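Read off the chains here:
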Amino acid sequence: MQQTPLRADGPMAAPSLDPEGAPPPPQAPRRRRRFRGFGILRLLMVLVAVLGLGGAVAGLGLYNQLAAELPDYRWLADYQPQQMSRIYAADSQLMAELANERRVFVPIEAIPLRLQQAFISAEDQRFREHHGVDPAGMVRALVAWAQNYGSGRRMQGASTITQQVAKNMLVGSDRTLLRKLREALLAMRLERALSKERILEIYLNEIFMGAQAYGVAAAAQSYFNKPLEALTLGEMAFLAALPKAPNNYNPIRFPEQARIRRNWVIERMAEDGAITAAEAEAGRREPIDARLTRRPEVVAVGQHFTEDVRRELITRFGAEQAAGGGLVVRTSLDPELQAATENALRQGLLAYDRRRGGWRGGVARLPFGPNDWQPALEALPRTPGLLPGWRQAVVQQVSEREARVAWLERVSPRGPLEPRTGIIDLADTAWARAVLPPGPANAAVRLGPPPRRMGEVVIPSDVVLVEPNPARPGRVFLRQLPEVEAAVVALDPATGRILAMSGGWNYERSQFNRASQALRQPGSSFKPFVYLAALEDGIPPNQRFLDTPIELPMGNGQIWRPGNYGGSASGAAVTMRSALERSLNLVTVRIAQQVTMPRVSDVANRFGVIPNMPPFLAMSLGAGETTVVRMAAAYASFVNGGRRVEPSLIDSVQDQRGRVIWRGDQRACVGCNAGPNADPPTLTDNRRQITDPIAAFQITNILQGAVQRGTGARAGVGLNRPVAGKTGTTDDYKDNWFVGFTPDIVVAVWFGHDEPRSLGGNETGGLNAAPIFRDVMEAALRGSPAVPFRAPPGVSLVRITTDNGQSILEAFRPGTENSAQAVDGFGAGAASRVESGLGGLY
């Protein structure tokens, strides 16, 4: 049987053999060919996924961190921005503004819609549409940045109005990426929490606008002196141009840049359809008539008063609320009386300085010759305390009888300084006596004779103070700032409202308020409180006491020997009235001994003159310390029937919404909130009764005699109405006082040196303080009818004859008319009763 050979490539083919007969190696199975790029793509996708996941985790972590660090923004719903507090006088004139930031808050409803749109067009065109962050705005900013890359120009801002509120109010202004992220995140939350109107209201009241103005209302006042509703389109656009860079668009310093930026805002408003093309053209043609009125006019007087009001506001409401709470503070200041008070005080100081101060030389000497004076004088600092009419002048030439001086004066507010000249006459410098070497410590100034030649007063290159003589053009008076000081307080005795207060020569020279802050010895002006203690004890005013020397042991082995003014004693027994009218120290000490010093201390404490006064006999002569305000308030209790008077500067305080949050008058008002048809309201006087009305009227009656016949005679000259008061002069003439009153007003005056020293021999309260009192009182009462003091019910008015033969009506407590007792052989004093048990006008 024949075999069929197998095919080598057939299915049953036997493996071929290599030439040497060995079988071939086994072959691997064939695989499909794959695309190589697929692996790379898959790797990239994995990498992107990992990075995405990592970024998401990091982003979530960053978000959580930023969210945890975000401040609480919910308080913005009730946010009230800091506002200026304003202080007003009694006649509603503005006295001062208190502010950390000059801002006037205006609700969104009161801001004109066109002004709102001006800011939206300038700062955030899509404000009404976005949700806190504007992606389109970010893209525009990035494109602009790319176009300007390398040019050095600042990157265009992409912050929305909401972001600016977040930055200004909550996250700060540091230029970092994290701050920007916090700002954006917070802006989106604000949009969910607050309405668009509320966000825009906060923005328009908070944004800094330059010229020390925060918010649109303050900016409108600062730049144009207008309310918001009076602004023109051009003015609104200018204000909207400011937030980007207020200093760069200052219309005074950079008018062209301000105009270009203003016109750009107008174009944006036209693009947004907020104004028509015609309105835009008219707006571009408007000039920017900026006035930069940074401060409204304020009362030119009463700076010491205003400073005391500011301190009281801080005490009551805290510094932040006082300066940023938008308070409306109405005070008791009468500007006309305040001006008269300051003038009277200065005239009194000048009169003393010319009489006792001597010439202390010029304020400076120029280092250049008198012909090169202008630059040197212009560079010389202004002398603090210079009065408005005075000039700082340089002496150019000096002759035997006169000196020529020159100064620089600005004719118009913005005009240049122009030279002026004047002549000082020797005849007008008789007061300018040379000051001699000082004597003992605290002694009065010693003076030489009046000058005989002008060269004894000034020499060329001296800088002196002068005042033009209105009666002789071209002539000037030589002036000098006095070293002595004074203080005055005028208040209403019925309410305690301080109507005027001057704390010294000039607030610019010294902010220390000598009326409310300085503690000085009252001297004899304290004596009425000693006599009041006696009257309260039923001692009649015609009771006699010895006016003879007295010696009192002090407990330390020394003897106190008080004496009367002038050192003499009459040796007679004098009535209490006569002793107080003549201010007899010896009688006062004896009265204090009789009523006891604890009783006198009690009176001083009740009246608030010297709280917790030590019961030493020397205190009866005014050796304690008190203030001018306290003395005025204490004397007010004499005239108002014996009720305690609390002096006050502030009538009322309103918050920024107009609600009264404090009122000075604490009297209860029954029926004040009743309807229009109700009975008239009644005020309940809830002030404390600190002495009985009869004793208060008795001391008032005696103090009238002190002005009519006693040491205070100068105080009543020319007033032609009932005036009561008392002088005061301390040891060695260091302090002068006069405190007096009419039924309508109380005026207290102190006169002396800041560092206590003698004013000079015979320089008394009647000589220095009483004339100031008279001038203030004359200004206060000008045009008003004379009003008598009202006697209280039950007082007994008895006609008596005084020691000098005058017939007067004396006020007695019922039953004491004939109770005066003889003293060591002296009679009790005759009295013939003409009225009894009657109250009325006296």
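Up top you'll find the structure we're talking about.
Being a predicted model, the structure only gives us computed values, none of them experimental.

Draft legend 1. Highlighting the overall build of the protein chain. In terms of helices and strands, the protein chain carries 21 helices and 29 strands. Considering the protein chain as a whole, with its 842 residues, one finds that 48% of them fall into the buried category. Excluding contacts between residues fewer than 6 apart, the proportion of contacts in the protein chain whose partners are at least 24 apart in sequence is 70%. For the protein chain, the exposed surface amounts to about 41,800 Å²; the carbon and sulfur share of it is 53%.

Draft legend 2. Representation of the side chain of E235 within the structure. Its place among the elements puts E235 in helix 8 (residues 233-241). At a separation of 2.9 Å, a polar atom in the side chain of E235 contacts the main-chain amide nitrogen of T232.

Draft legend 3. Broad picture of the sheet that holds strand 12 (residues 485-491). Taken together, 5 strands build an open sheet; the order of strands is 13-12-24-23-22 and the sheet is antiparallel. Whereas interior strands pair on both sides, the edge strands pair on one side only; in this sheet they are strand 13 (498-502) and strand 22 (724-729). When strand polarity is set aside, the average angle formed by the axes of neighbouring strands in this sheet is 5°. Note: strand 22 against strand 23 (residues 735-741), 6 bridges, orientation antiparallel. Note that in strand 23 the partner of T729 across the bridge is N736. Contacts from helix 13 (residues 335-357) reach strand 12, strand 13 and strand 24 (746-752) within the one sheet, and its direction differs from that of strand 13 by about 30°. The strands touched by helix 21 (residues 765-781) within the sheet are strand 12, strand 22, strand 23 and strand 24, with strand 23 carrying the most contacts at an inclination of about 35°.

Draft legend 4. The packing of aromatic side chains, seen in detail. The final tally for this structure, using the stated rule, is 19 aromatic pairs. Arranged with centres 5.4 Å apart and planes meeting at 80°, the rings of Y223 and F238 form a pair that is edge-to-face. With Y223 in helix 7 (residues 216-224) and F238 in helix 8, the pair connects residues that are 15 residues apart, well separated along the chain. Residue classification places F238 among the buried positions, given a relative accessible area of 1%. A centroid spacing of 5.6 Å and a plane angle of 50° characterise the contact between F607 and F638, whose relative ring orientation is tilted. Pair noted here: F607 is in helix 18 (residues 597-607) and F638 is in helix 19 (residues 628-639), with a separation of 31 residues, a long-range link. Owing to a relative accessible area of 2%, F607 belongs among the buried residues under this scheme.

Draft legend 5. Representation of the pairing of strand 18 (residues 650-654) within the structure. Summarising burial for strand 18: 4 of the 5 residues are buried, a large majority. Summarising the sheet, strand 5 (residues 328-331) and strand 18 pair through 4 bridges and their orientation is antiparallel. Bridging from a neighbouring strand, T331 pairs with I650 of strand 18. Across 3 bridges, strand 18 lies against strand 19 (residues 660-663) in antiparallel orientation. In the strand pairing of strand 19, S652 is matched with R663. Turn length for the strand 18-strand 19 hairpin, with the two strands adjacent in sequence and antiparallel, is 5 residues, and the turn residue G658 shows positive phi of about 90°.

Draft legend 6. Focus on the environment of K226. Mapping K226 onto the fold places it in the loop between helix 7 and helix 8. Ignoring any residue separated from it by four or fewer positions in sequence, one finds K226 in contact with A220, Q221, L231, T232 and E235.

Draft legend 7. Structural context of the pattern of salt bridges. Here the structure, examined in full by the defined rule, presents 52 salt bridges. A salt bridge links K196 to E191, with the nearest nitrogen and oxygen atoms 2.9 Å apart. The two residues K196 and E191 agree in class, both being buried. A salt bridge links R311 to E307; its shortest N-O distance comes to 3.6 Å. With R311 and E307 both in helix 11 (residues 303-317) and 4 residues apart, the pair spans about one turn of that helix. Linked by salt bridges that have partners in common, E536, D537, R599, D602 and R606 make up one network.

Draft legend 8. Spatial organisation of a nonpolar patch on the surface. The grouping of I40, L44, L47 and L51 at the surface amounts to a nonpolar patch, some 410 Å² of accessible area in total. Summarising the element assignment, L51 is placed in helix 1 (residues 37-69).

Draft legend 9. Structural view of the sheet that holds strand 19. As summarised here, the arrangement of the 5 strands in space is 2-1-5-18-19, forming an open sheet in which the pairing is mixed. In this open sheet, the two edge strands, each paired with only one partner strand, are strand 2 (94-98) and strand 19. Across the sheet, the axes of successive neighbouring strands diverge by a mean angle of 15°, strand direction being ignored. Looking at chain direction, strand 1 (residues 85-88) and strand 5 are connected through 3 bridges and run parallel. Bridge pairing in strand 5 places Y88 opposite R330.

Draft legend 10. A look at helix 20 (residues 693-708). For helix 20, built from 16 residues, the straight-helix expectation of 22 Å at 1.5 Å per residue is met to within 8% by its first-to-last C-alpha distance of 23 Å. Taken across its 16 residues, helix 20 has 14 buried, putting it largely inside the fold.

Draft legend 11. Representation of the pairing of strand 13. When you tally the buried positions in strand 13, you get 5 out of 5 residues, the bulk of the element. Where strand 12 and strand 13 come together, 4 bridges link them in antiparallel fashion. Counterpart to V488 in the pairing with strand 13 is S502. Remark: 6 residues form the turn of the hairpin made by strand 12 and strand 13, two consecutive strands paired antiparallel; G496 in that turn has positive phi of roughly 85°.

Draft legend 12. Quick peek at helix 6 (residues 196-206). Of all the 11 residues making up helix 6, 10 are buried; the element is thus mostly covered by neighbouring parts of the structure. Burial in helix 6 covers these residues: K196, R198, I199, L200, E201, I202, Y203, L204, N205 and E206.

Rules and cut-offs
Residues numbered from 1 in each chain as written. Predicted model: local features only at pLDDT ≥ 70, side-chain atom pairs only at ≥ 80, totals over all residues. Heavy atoms only, no water. Helix = DSSP H or I, 4+ residues; strand = E, 2+ residues; numbered from the N terminus. Buried < 20%, exposed > 50% of the residue type's maximum accessible area, 1.4 Å probe, protein only. Contact = heavy atoms within 4.5 Å. Areas by Shrake-Rupley, 256 points an atom, 1.4 Å probe, with all protein chains shown as cover. Polar contact = N/O pair within 3.5 Å; in protein donor to acceptor, adjacent residues only side chain to side chain. Pairing = 2+ DSSP bridges. Axes fitted to C-alpha atoms, helices over the stretch in contact; angles between N-to-C directions. Phe/Tyr/Trp six-rings, centres within 6.5 Å; stacked < 30°, edge-to-face > 60°. Salt bridge = Lys/Arg side-chain N within 4 Å of Asp/Glu carboxyl O. Patch = residues over 30% accessible without salt bridge, like charges linked within 9 Å, V, L, I, M, F, W, Y side chains within 5 Å. Expected span 1.5 Å × (residues − 1).

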